[in-house]
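# Residue-level structural notes
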Amino acid sequence: MNSSNHELTPRQIVAELDRYIVGQAAAKRAVAIAMRNRYRREQLAGEMRGEIIPKNILMIGPTGVGKTEIARRLATLAGAPFVKVEATKYTEVGYVGRDVESMVRDLVEAAIRMVQDERRAEVAEAADDAAVERVVDLLFPETRAPGVAQPMNAFAQSLGSIFGNTFAQQTPQQSPTAPATAPPENAKTIRDQARSDVERGFYDVRLVDIEVEESPQLPIGMLGGMDPAMGGGGADMGEMLGGLLPKKKTRKRVTVAEARRIFTQEEAAKLVDMDAVKREALRRAGENGIIFIDEIDKVAGREGRGPDVSREGVQRDILPIVEGSTVNTKHGSVKTDHVLFIAAGAFHMSKPSDLIPELQGRFPIRVELDSLSIDDFKTILTQPRNALTEQYTQLLAVEGVELHFAPDGIEQLATYAMRVNEQTENIGARRLHTVLERLLEDVSYAAPEDAGTVVVDAEYVRVRLSEIVGSANLSTYIL
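Per chain, residues are indexed from 1 in the order of the written sequence. With pLDDT at 70 or above as the cut-off, local features in this predicted model cover only qualifying residues; side-chain atom pairs require 80 or more to be listed or tallied, and sums for whole chains, interfaces and linings still use all residues. Each side-chain value is worked out from all heavy atoms of the structure, with water and hydrogens disregarded.

## Focus on the sheet that holds strand E1 (residues 57–60)
Any two strands with at least two DSSP bridges between them are considered paired. Only DSSP runs of H or I reaching four residues or more are called helices, and only runs of E reaching two or more are called strands; each is numbered from the N terminus. With parallel pairing, five strands are arranged side by side in an open sheet as E2-E5-E8-E1-E9. Looking along the sheet, the strands with just one partner apiece sit at the ends: strand E2 (82–86) and strand E9 (365–368). For this sheet the average axis-to-axis angle between neighbouring strands, irrespective of direction, equals 20°. Bridging between strand E5 (residues 290–294) and strand E8 (residues 340–345) involves four bridges; their strand directions are parallel. Residue pairing for E8: Ile-293 is matched across the bridge by Ala-343. Contacting E1, E2, E5 and E8, helix H4 (residues 67–78) runs over the sheet at an angle of about 170° to E5. Angles run from 0 to 180 degrees between N-to-C directions of axes, and those axes are lines fitted to C-alpha atoms, restricted for helices to the stretch in contact. Throughout, a contact is declared for two residues whenever any of their heavy atoms are within 4.5 Å.

Here it is, written out as structure tokens:
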């Protein structure tokens, strides 16, 4: 869990969620308790810590009311690996679809990206310092210490004897630009001044030739032939050999600023221990991971023929993952016993009791999310940190357009959005995106040629939307 947020109380967690999500107090309380329980479990020692498993949550509510957003914001707040999957893309063996274990593999990949970003941030300063030194070497090669020839990789020599000189040619030897003589006496002064100039951007636009490392290509083709996502096959063999084979380098002409960025990435990769990253990522995925399974209601059919057979099969395939099992990935095995699963569905055509009993029992916490009202729409438009009106105001300000939303304009927007949801399909807060985009279409198209001040009041909204909203046929196709 993120060290800065792991001690948040449930009230504080709900307060943080309130900054982005309107209403849905019951769902926020449920996820806040689940997050806090993880902290409580981490404080325990001994056997009981392993016995306490997370209480998975089933969110029930129409689309567009905040189910996915609550789970995503919770994961961000907790600093936990998070993936969102659709239950409908999984099917049992014999039907077209993805293997259910792929959701755990996706979680591990998300955890690796998260840990890798953290480790790169930790070594960013050292990597940048090393990158600057490499740039100075490019600009003033005469100030470098004499190069030392690197020995040929023994493994590459062996492969070279089998497959020819391809690998031997890739083996790094003494750099052709390395000085053959000792550097001048004032080399240190020159390098110090050059280093200062590079850091302040004096050479940023100068073009230089650099060598960029590329992954070595294996001439022996695909090894193993297994799907890399299944945790084996050619991907693992490629990674293993890629660490032994010399890196292939390609020359490119770039600016000094771009060279510094490339060198910083390369140096950060050298400083980060990927084995340690994978170990930590596997631990986080198993201990703190959150998997959000959307559209669980679409596989809730039971006791039927045709598609119902496949739906029940999906539930039975998901069941062992939710119950707790060990899933093999190409980075190692991970247990799902302590992964928090949050399932969600509208349940328009079915109900939670249509799920198989075993799966129902694995989602003991049920929360129902309310449909949004006009007041909720008004709040969504104005109060959250990422409020839609603020987004459009800042977007158009880039083009010199000052956008102002009057209170009566907000009221009219919320009224129209609610009316369209009632007349057509209720898609919740997503309707606001559609209505606002239609409302500001002319302004967005005319900017920046027609920069100026635009006041969105009730009359402005009525002129542009009343005809569309008033016609059921038009609103069906346009909004």
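## A word on helix H11 (residues 256–271)
Between its terminal C-alpha atoms H11 stretches 22 Å, which fits the 22 Å expected from 16 residues at 1.5 Å a residue. In this scheme, a residue with accessible area under 20% of its type's maximum is buried, one over 50% is exposed, and one in between is partly exposed, where area comes from a 1.4 Å probe on protein chains only. The complete set of buried residues in H11 reads Val-256, Ala-259, Arg-260, Ile-262, Phe-263, Glu-266, Glu-267 and Ala-268. Take the residue count of a helix, subtract one, and multiply by 1.5 Å to get its expected span.

## Re the nonpolar core
Throughout this description, the term nonpolar core refers to a set of buried Ala, Val, Leu, Ile, Met, Phe, Trp, Tyr and Cys residues connected via side-chain atoms within 4.5 Å. With 61 residues, the main nonpolar core has Met-59, Ile-342, Leu-413, Leu-436, Leu-439 and Val-456 as its most contacted residues. The leading source of residues in this core is helix H17 (residues 407–423), at seven residues. In contact with Leu-413, other than residues within four places in its own chain, are Leu-381, Phe-405, Val-435, Leu-436, Leu-439, Val-461 and Leu-465. Core analysis: the second largest hydrophobic core is formed by 43 residues, Tyr-90, Val-123, Val-272 and Val-314 among them.

## As for the packing of H17 against helix H20 (residues 458–470)
Between H17 and H20, the least distance of the axes is 9 Å, while the angle of their chain directions is 15°. The orientation of H17 relative to H20 falls into the category roughly parallel. H17 and H20 meet at a crossing whose hand is left-handed. Facing Asp-408, Gly-409, Gln-412, Leu-413, Tyr-416, Arg-419, Val-420 and Gln-423 of H17, the residues of H20 in contact are Ala-458, Val-461, Arg-462, Leu-465, Ser-466 and Val-469. Roughly parallel here means an angle under 35 degrees, roughly antiparallel means over 145, roughly perpendicular means 65 to 115, and every remaining angle is called oblique. In this scheme the crossing of two helices becomes right-handed for a clockwise turn of the near helix relative to the far one and left-handed for an anticlockwise turn of less than a right angle.

## Structural notes on unusual backbone geometry
Looking along the chain, the bond that leaves Ala-447 and enters Pro-448 is cis, with omega of 5°. Considering the arrangement of structural elements, one finds Pro-448 in the loop between helix H19 (441–446) and strand E11 (452–456). Here the phi dihedral of Glu-295 falls at roughly 60°; this positive angle occurs in a residue that is not glycine. Among the secondary structure elements, Glu-295 is positioned in the loop between E5 and helix H13 (307–323).

## A few points about the pairing of strand E7 (residues 332–335)
Pairing of strand E6 (residues 326–329) with E7, which is carried by four bridges, proceeds in the antiparallel orientation. Paired with Val-327 across the two strands is Val-334, which belongs to E7. Between the end of E6 and the start of E7, which pair antiparallel, lie two residues.

## Considerations on the pattern of salt bridges
Any carboxyl oxygen of Asp or Glu that lies within 4 Å of a side-chain nitrogen of Lys or Arg is treated as forming a salt bridge with it. Inspection of every chain in the model, using the stated rule, returns 33 salt bridges. A salt bridge links Arg-284 to Glu-118, with the shortest nitrogen-to-oxygen separation between them at 2.6 Å. Residue Arg-284 is located in helix H12 (residues 274–288), and its partner Glu-118 is located in helix H5 (residues 102–122); the two are separated by 166 residues in the primary sequence. We classify Arg-284 as buried; its relative accessible area is 11%. Between Glu-441 and Arg-438 there is a salt bridge, and its shortest N-O distance comes to 3.7 Å. Relative accessible area serves as the criterion here: at 42%, Glu-441 is assigned to the partly exposed category. With relative accessibility at 33%, the residue Arg-438 sits in the partly exposed group. One network of salt bridges, with partners in common, ties together Glu-118, Arg-119, Glu-122, Glu-280, Arg-283 and Arg-284.

## Side note on the environment of Val-314
Mapping Val-314 onto the fold places it in helix H13. The class of Val-314 is buried, set by a relative accessible area of 1%.

## Some thoughts on the packing of aromatic side chains
For Phe, Tyr and Trp, rings pair up if their centres lie within 6.5 Å, where Trp contributes its six-membered ring, and each pair is then called stacked (planes under 30 degrees apart), edge-to-face (over 60) or tilted (otherwise). Per the counting criterion, the structure on display carries two aromatic pairs. Taken together, a centroid distance of 6.5 Å and an interplanar angle of 75° make the contact between Phe-140 and Tyr-203 edge-to-face. You can see Phe-140 sitting in the loop between helix H6 (124–139) and helix H7 (154–163) and its partner Tyr-203 sitting in the loop between helix H9 (187–199) and strand E3 (207–214), a full 63 residues away along the chain. Comparing Phe-140 with Tyr-203, the two get one shared label, buried. Measuring from centroid to centroid gives 5.1 Å for Phe-202 and Tyr-203, while their planes differ by 85°, and the two rings are edge-to-face. Judged by relative accessible area, Tyr-203 falls into the buried class, the value being 10%. Ring pairs connect the aromatic residues Phe-140, Phe-202 and Tyr-203, which therefore count as one cluster. A ring is scored as having a charge over it whenever the NZ atom of a lysine or the CZ atom of an arginine sits within 6 Å of its centre and within 35 degrees of its normal. Above the face of the Tyr-20 ring, Arg-73 is positioned so that its terminal group lies 3.9 Å from the ring centre.

Keep in mind these numbers describe shape, not what the thing actually does.
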